[in-house]
Amino acid sequence: MGYAVMSNHIHLALLGGEMPLVDWIRTPHSLFGSWVNGREQRIGAVFVRGPKLYAVRPDGVTRLMGYIHHNPVRAQVARAPNETDWTSHRSYAGVDASPRWLDRELGAALCNFATPARLAEWISGTRVSRADLDAVTEYEVEIDEEGGAPHAEALVPRTQ
């Protein structure tokens, strides 16, 4: 549904499916780490901790997409979401071609917008803070070093 590639982390908005996050995140995580190390001419760990999984309520998908696309703005590497090609915002706006795996129509529909372009317009005009995202996050899971996550019974809702 959406992404933002930052200098030291990646944001992905995904629709949960049958495959656990840990089973497929290693490949992009490793490739990104290798790319950063190559660019910076260094070796060693790039990430301080493993990936996190945030479960967002259906009514929070729009805020999640806004939060992700505004990440470069909050980091002060872009003045607006459409000023970077390191997020999916320009794909939603129709400026850049979408990666094959990015389903813009599904993303727009889950955000209750008729078209991807309408979602991109909303994102451009609305700043979403971490507090806004936390308000629609049901729970957060940190993936451990071995790639595992707590059992389902340990997933406690963040909001009531």
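Look up: the structure comes first, before these words.
As the structure is a computational prediction, the values presented were derived from the model and not from experiment.

Enquirer: I keep staring at the overall build of the chain and nothing clicks. Help me out?
Expert: For the chain, the count of helices and strands is seven helices and four strands. If you list the helices and strands of the chain from N to C, you get β-β-α-β-α-α-α-α-α-α-β. In the chain, which comprises 160 residues, the share counted as buried stands at 33%. Summarising the internal contacts of the chain: among those between residues at least 6 apart in sequence, 58% fall at separations of at least 24. Accessible surface, the chain as shown: approximately 9900 Å² in total, 52% of it carbon and sulfur.

Enquirer: Help me out: how do you make sense of the packing of aromatic side chains in this one?
Expert: In this description, a pair of aromatic rings is defined by centroid distance and the angle of the planes. For the coordinates displayed, the defined rule picks out three aromatic pairs. Between Tyr3 and Trp101 the ring centres are 5.5 Å apart and the planes differ by 55°, which places this aromatic pair in the tilted class. Of this pair, Tyr3 sits in strand β1 (residues 2–5) while Trp101 sits in the loop between α4 (89–93) and α5 (104–110), and the two are 98 residues apart along the sequence.

Enquirer: Can you help me understand the packing of helix α2 (residues 61–69) against helix α6 (residues 116–125) in this one?
Expert: The relative placement of two packed helices comes down to the angle between their axes together with the axis-to-axis distance. Their axes nearest at 9 Å, the elements α2 and α6 cross at an angle of 65°. Between α2 and α6 lies a crossing of right-handed hand. Taking contact as the criterion, the partners of Thr62, Met65, Gly66 and His69 in α2 are, on α6, Leu119, Trp122 and Ile123. Classifying every residue of the contact of α2 with α6 gives four nonpolar, three polar and no charged.

Enquirer: It is not clear to me how the pattern of salt bridges should be interpreted in this structure. Could you clarify?
Expert: Counting across every chain of the model gives seven salt bridges. Close ionic contact of Glu83 with Arg79 constitutes a salt bridge, the shortest N to O distance being 3.4 Å. For Arg79, a relative accessible area of 68% puts it in the exposed group. For Glu105, the salt bridge is made with Arg104, and the minimal N-O distance between the two is 3.7 Å. Residue class for Glu105 comes out partly exposed when judged on its relative accessible area of 48%.

Enquirer: Would you mind showing me how to read the side chain of Ser91 here?
Expert: Of note, Ser91 is situated in helix α4. Overall, the relative accessible area of 2% leaves Ser91 in the buried class. Ignoring sequence-local partners within four residues, the contact set of Ser91 consists of Asp96, Ala97, Ser98, Pro99, Leu102 and Arg104.

Enquirer: Explanation requested: α2 in the structure shown.
Expert: Counting buried residues in α2 gives eight out of nine residues, a clear majority hidden from the surface. Listed in full, the buried residues belonging to α2 are Val61, Thr62, Leu64, Met65, Gly66, Tyr67, Ile68 and His69.

Enquirer: What's the story with the side chain of His70 in this structure? I'm lost.
Expert: In this fold, His70 is placed in the loop between α2 and α3 (71–74). Exposure remark for His70: the relative accessible area of 4% places this residue in the buried category. Discounting residues that sit within four places of it in the chain, His70 has contacts with Pro81, Ile123, Thr126 and Arg127.

Rules of the game
- Residues numbered from 1 in each chain as written.
- Predicted model: local features only at pLDDT ≥ 70, side-chain atom pairs only at ≥ 80, totals over all residues.
- Heavy atoms only, no water.
- Helix = DSSP H or I, 4+ residues; strand = E, 2+ residues; numbered from the N terminus.
- Buried < 20%, exposed > 50% of the residue type's maximum accessible area, 1.4 Å probe, protein only.
- Contact = heavy atoms within 4.5 Å.
- Areas by Shrake-Rupley, 256 points an atom, 1.4 Å probe, with all protein chains shown as cover.
- Phe/Tyr/Trp six-rings, centres within 6.5 Å; stacked < 30°, edge-to-face > 60°.
- Axes fitted to C-alpha atoms, helices over the stretch in contact; angles between N-to-C directions.
- Left-handed = near helix turned anticlockwise from the far one by under 90°.
- Nonpolar A, V, L, I, M, F, W, Y, C, P; charged D, E, K, R; others polar.
- Salt bridge = Lys/Arg side-chain N within 4 Å of Asp/Glu carboxyl O.

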